[in-house]
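Here is what each chain is made of, one letter per residue.
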Amino acid sequence: MGKEYVNVMEEIVVTLVTVLMVGPEYQTFCQCNVCRNEIIVLSLNNLPSHYVVSEEARKNAYEQLNTKENLKWINKKIIQAIYAVGKYPKHI
């Protein structure tokens, strides 16, 4: 894992933001690193963290979070963040 701990929610959010931002629905939004990071941070601030200290715990947390219902909820928070950052970008 690299560090002694990892936030599994962060891993999921970073992946989902990357996927959403390359999708056709969000290509009109700024793709710069500042905006992307703002979207990730805003999303994470509105979602519960899930820190773990072992690879086994990481896999278990990922399985718990990676359900259709949870992914829908996480995506909703990310989409809200995309629109918020798009409306008030900080890179300008």
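The model shown is predicted, which means the values in this text are computed figures rather than measured ones.

1. Focus: the environment of Val53
Locating Val53 in the fold gives a position in the loop between β2 (51-52) and α3 (55-65). With relative accessibility at 66%, the residue Val53 sits in the exposed group.

2. Examining the pattern of salt bridges
For the coordinates displayed, the defined rule picks out two salt bridges. One salt bridge connects Glu11 with Arg58, and the closest N-O pair in it is separated by 2.9 Å. One end of the pair, Glu11, is in helix α1 (residues 8-22); the other, Arg58, is in helix α3, and 47 residues separate them in sequence. Its relative accessible area of 28% is what places Glu11 among the partly exposed residues. Ionic pairing is found between Arg58 and Glu55, a salt bridge with its closest N-O pair at 3.1 Å. A residue pair is termed a helical-turn pair when its members lie 3 or 4 positions apart in one helix, as Arg58 and Glu55 do in helix α3 at three residues. The class for Arg58 is partly exposed, based on a relative accessible area of 22%. When its relative accessible area of 36% is taken as the criterion, Glu55 is described as partly exposed. What emerges from the salt-bridge pattern is a single network uniting Glu11, Glu55 and Arg58.

Basis of the calculations
Residues numbered from 1 in each chain as written. Predicted model: local features only at pLDDT ≥ 70, side-chain atom pairs only at ≥ 80, totals over all residues. Heavy atoms only, no water. Helix = DSSP H or I, 4+ residues; strand = E, 2+ residues; numbered from the N terminus. Buried < 20%, exposed > 50% of the residue type's maximum accessible area, 1.4 Å probe, protein only. Salt bridge = Lys/Arg side-chain N within 4 Å of Asp/Glu carboxyl O.

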